[in-house]
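What the coordinates show
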Amino acid sequence: MSETTNTTAKSGDRQIGGVPIYLDDVCKTYPSGKGAAVENLTMDIPAGEIVVLVGPSGCGKTTSMRMINRLIEPTSGKIMIDGKDAMSLDDVKLRRTIGYVIQQIGLFPHLSIAQNVALVPKMLKMDKKHIESKVDEMLDVVGLPPEEYRDRYPRQLSGGQQQRVGVARALAADPPVMLMDEPFGAVDPITRAKLQDQFLEVQKTLGKTIVFVTHDFDEAIKMGDRIAVLRAGSKIAQYGTPQEILTHPADDFVSGFIGSGVTFKRLNLERIQDVDLRPVADADGSDSTVRSTASLNAALDTMLGEGNDALRVMEGDKAIGSIHLSDVMKRVKEMRDDRDRAAKATGSVHE
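Anyway, here's the lowdown on the structure attached to this text. Just so we're clear, the structure is a prediction, and the values are computed from it rather than from any experiment.

Considering the layout of surface pockets
- A volume near 1400 Å³ is recorded for the largest pocket.
- Counting residues per element, the ones that place at least two in the lining of the largest pocket are α8 (189-206), α9 (217-223), α10 (242-247), α12 (262-267) and α13 (296-306).
- When residues in the lining of the largest pocket are grouped by element, the largest group, twelve residues, is from α8.
- Here the residues of the lining of the largest pocket are counted per class, giving twelve nonpolar, 14 polar and 18 charged.

Focus: α13
- Every buried residue belonging to α13 is among Leu296, Asn297, Ala299, Leu300, Thr302 and Met303, and all of these are buried.
- Of the residues trailing α13, Gly307 is marked for its positive phi of about 70°.

Comments concerning the sheet that holds strand β12 (residues 236-240)
- With mixed pairing, the six strands of this open sheet are ordered in space as β8-β9-β10-β5-β11-β12. Single-partner strands in this sheet number two, and they are β8 (98-102) and β12. Each strand of the sheet is rotated relative to its neighbour by a mean of 15°, with strand direction disregarded.
- Here strand β5 (residues 50-54) runs beside strand β10 (residues 209-214); their pairing, made up of five bridges, is parallel. Note that in β10 the partner of Ile50 across the bridge is Ile210.

Here's the deal with empty space enclosed by the protein
- Considering all chains together, one arrives at one cavity of 30 Å³ or more under this definition.
- When its volume is computed, the largest cavity comes out at roughly 60 Å³.
- Taken together, the elements giving at least two residues each to the lining of the largest cavity come down to α7 (159-171) and α8.
- Residue classes in the lining of the largest cavity are distributed as six nonpolar, one polar and one charged.

So, how was this worked out
Residues numbered from 1 in each chain as written. Predicted model: local features only at pLDDT ≥ 70, side-chain atom pairs only at ≥ 80, totals over all residues. Heavy atoms only, no water. 1 Å grid on protein atoms, 1.4 Å probe; cavity = no way out; pocket = protein on both sides within 12 Å on 5 of 7 lines; lining within 4 Å. Points joined across faces, edges and corners; volume = space filled by probe spheres on them. Helix = DSSP H or I, 4+ residues; strand = E, 2+ residues; numbered from the N terminus. Nonpolar A, V, L, I, M, F, W, Y, C, P; charged D, E, K, R; others polar. Buried < 20%, exposed > 50% of the residue type's maximum accessible area, 1.4 Å probe, protein only. Pairing = 2+ DSSP bridges. Axes fitted to C-alpha atoms, helices over the stretch in contact; angles between N-to-C directions.

Geometric values such as these leave the question of function open.
Listed below in structure tokens is the structure:
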């Protein structure tokens, strides 16, 4: 951002190219409305993390997010971006330096893919050669080879490819902050899962600060470093890591929003690369593979979908080990035992 400092640091293996955001007692009311659309929202969003806002329809998720780039002006309260009051910044410049991705994408049909991606850098008056280089870089980042897609038009792309262009456009100005409103909601489930995986890989490298809105709790678990479960008026029912919310829901509202199958949802939080793998030879006779970065839930889905109880685990083109159905089910049993012990200790009842 021109008014903020886009620093790059490391947190573990993750680059941090984002900046912190702090919402302090933020409210939004409308003259004709009944009650506040957003009421006294206070939230600390760490630099370089994906924070997901999730809750029932009409609870104020999108309104809360859009106040960050002042597409909606807050009625009261303060929004600090990298220590600076967003209300003190020029609203147009602020929006140009915050990436924004929506479900409808909003590509201009009469512009080529390269021209669509270059829009914001041109508005920021970046050097022409730098813009051309950045466009190609961003298309590569989202898996659209520039030599193949640069000169195409939106109508020549699939829905999933258009969504990737939307992400590339949002990243082209190298914004420290990105706002994403149901960004993958308009594509089919298989394409959606691929887009989610690809974006998480991009985020490992770029480390943007991302506020991500969804109504899908499974997507929230997969995408979020932290999740804010919101009630009506964007009142926070619980704010924490996916693990914290799944294992210790704050109340019946949060438990109801999580839904059934908590144990299997927790499998989404565990990566194959973090478990002890069997030798590659243990999967001899199986043609099924899974990436080492995939979740245990993804491994289970692959096993059930392809009818194989063993998978070769891949890093690039190399098999580094294998995983068996019994390994996943052993972890499921351990999770259930942990849950039962916690329930016994607290006297609570779980599904």
